[in-house]
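Examination of the molecular architecture
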Amino acid sequence: MKKTLAYKPQSAWQIYAGAQERKKMEALAARYIDFLTRCKTERETVDYVRERLRQAGYSEDFGAKSGNGRVLRPLRGKALFAARRGKEPLGKGLALIAAHADTPRLDLKQRPLVEQPGVAQAKTHYYGGIRKYQWLARPLALHGVIIRENGQSLSVSIGEKPGEPVFCIADLLPHLARKQSAQTLSEAFEAEKLNIILAHSPKAEKKAKNEGKDAPGEAVKEQLLDLLHKKYGINEEDLITAELQAVPAGPARFVGFDKALVGGYGQDDRICVFTALEALLTAKDGPRNRAVIFWDKEEIGSDGATGAASRFFQYCVEDLARAWAPGTPASHVLLRSRALSADVQAALDPDFQEVHEKQNAAQLGYGPCFSKFTGSRGKYGASEADAEFFGELRGLYNAKGIPWQSAELGKVDLGGGGTVALFLAAYGMQVIDLGPAVLSMHSPFELASCADLYATLQAYRAFLEA
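What comes next concerns the included structure.

So, how was this worked out
Residues numbered from 1 in each chain as written. Predicted model: local features only at pLDDT ≥ 70, side-chain atom pairs only at ≥ 80, totals over all residues. Heavy atoms only, no water. Helix = DSSP H or I, 4+ residues; strand = E, 2+ residues; numbered from the N terminus. Expected span 1.5 Å × (residues − 1). Buried < 20%, exposed > 50% of the residue type's maximum accessible area, 1.4 Å probe, protein only. Pairing = 2+ DSSP bridges. Contact = heavy atoms within 4.5 Å. Axes fitted to C-alpha atoms, helices over the stretch in contact; angles between N-to-C directions. Phe/Tyr/Trp six-rings, centres within 6.5 Å; stacked < 30°, edge-to-face > 60°. Lys NZ or Arg CZ within 6 Å of the ring centre and 35° of its normal.

**Observations concerning helix α9 (residues 312–324)**
With 13 residues, α9 ought to run about 18 Å at 1.5 Å a step, and its terminal C-alpha atoms sit 18 Å apart, in line with that. For α9, the complete set of buried residues consists of Phe-312, Phe-313, Cys-316, Val-317, Leu-320, Ala-321, Ala-323 and Trp-324.

Have a look at this one:
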């Protein structure tokens, strides 16, 4: 990067202006769109990652003779750790990239099925930070897993293939929404009214004994249950123990005449999962021991067995130390590790610039963004990187000509947010947040720059190779 006394971030589009770089960028974006289209839940994402790693020779055997020094470990289909052995002793720590595979959505309740006038619906409980109105009057697909009483598992993905039905939450017509229009967003859009329409046709009704009229019942719900049993072999009790998610239906797409943006669901944080995986798979052999971990539950606080607050990562490192460096305490490996908390940053919104402090806001097309700290309102809940580690990475990327920028999420008293960085910092390791900027974050159709996607891959790979 050109050195001047004043600092100004460089456009990734200018840095990667060559024809060869643009071809690589387009090819990467096309693969990324396929990934986003295929992976709409944490289970689907982990399955994708697991298969890619297996194809690259990664084994689930952590034993001392585990072959080529490439290991992986999934946890309950929702989290995954993978490591690649380097030439240095493991006691010098890992170069780690951590991201999360979950994303905001609508989960079906334990007893979801209800019948209301004219339709059978599924009741939902939203997961993570959403703007409720964005989920109304749009095609939805159902993804997840149903466990039958005998333990048999049934994977579900309905609403994605041509010819398959989609589902929908109806919105109130403007003619009757005068009162709603005067309410606040939290009052106007109630969580208990995020009910997904599943069916409309009723089951043929039987006449009640000794009466000349139809007996009351739930004819549409009954017809739906008959259809579910006939097509999938499930009953209503199976839904109680299922994990079913409503997600936006349809593929990710290029956006704009120039196809310079990728639009799709779940880019927070699957853009970081994708680029971290690509970086691990394509990094050149070197001295560092490298690892990635993809967690679940980040959008709701990182708790639970598959979240970053669990001990899954620690257990993986302990097993790695036993296999690759007998006698080396896992605590030494953790303390000497260096990590990138791979998570997205809010892009400067062109229509709502007033909520950002522009000089410290991330911009689309200027490379991955460092967030020295997260948290909110006085940095509460933050993990703040030390200047030495930040400075080392700055020098690395400047030397390699990789564009980067620095930002925080919104104005001080307006913004803020959390990542998994503080859970890694708890081990004493050096960690900083680094990820691309995203527009319309947490919406059903987020936007990311193809140039930032490409630059983020370069940044993650350079970190693993350093």
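**Overview of the sheet that holds strand β19 (residues 446–449)**
Sheet architecture is open: 5 strands sit in the order β10-β11-β19-β18-β14, paired in mixed fashion. Looking at strand neighbours, the two that pair on one side only are β10 (253–255) and β14 (345–346), the edges of this open sheet. When β14 meets strand β18 (residues 437–439), the two strands line up parallel, connected through 2 bridges. The partner of Gln-345 across the bridge, within β18, is Ala-437. Each of β10, β11 (261–264), β18 and β19 touches helix α13 (residues 450–465); the most contacted strand, β19, lies at about 65 degrees to it.

**Some points on the sheet that holds strand β16 (residues 405–406)**
On the basis of which strands lie adjacent, the open sheet formed by 8 strands has the order β1-β2-β12-β3-β13-β17-β15-β16 and mixed pairing. Single-partner strands in this sheet number two, and they are β1 (70–75) and β16. Each of β2 (79–84), β3 (94–100), β12 (289–295) and β17 (430–435) is contacted by helix α8 (residues 267–282), which is oriented at about 150 degrees to β3, the strand it contacts most.

**Comments concerning unusual backbone geometry**
In this model, Asp-268 is joined to Asp-269 through a cis peptide bond whose omega is 20 degrees. Although it is not a glycine, Ala-137 sits at a positive phi angle of roughly 55 degrees. For Ala-137, the location among the structural elements is in the loop between β5 (119–127) and β6 (140–147). One non-glycine residue with positive phi stands out, namely Ser-302, at about 70 degrees. Its place among the elements puts Ser-302 in the loop between β12 and α9. For Ser-302, a relative accessible area of 2% corresponds to the buried category.

**Digging into the packing of aromatic side chains**
Scanning the model with the defined rule gives 16 aromatic pairs in all. On the numbers, 5.3 Å between centres and 35 degrees between planes, the contact of Phe-35 with Phe-274 is tilted. Separated by 239 residues along the polypeptide, Phe-35 in helix α2 (residues 19–38) and Phe-274 in helix α8 bring together distant segments of the chain. Residue Phe-35 is classed as buried on the basis of its relative accessible area of 0%. Here the aromatic residues Tyr-7, Phe-370, Phe-390, Tyr-397 and Trp-404 are joined through ring pairs into a cluster of three or more. When the ring centre of Tyr-127 is taken as reference, the NZ or CZ atom of Arg-105 above it lies at 3.7 Å. If you follow Lys-379 out to its NZ or CZ, it ends over the ring of Phe-373, 4.1 Å from the centre.

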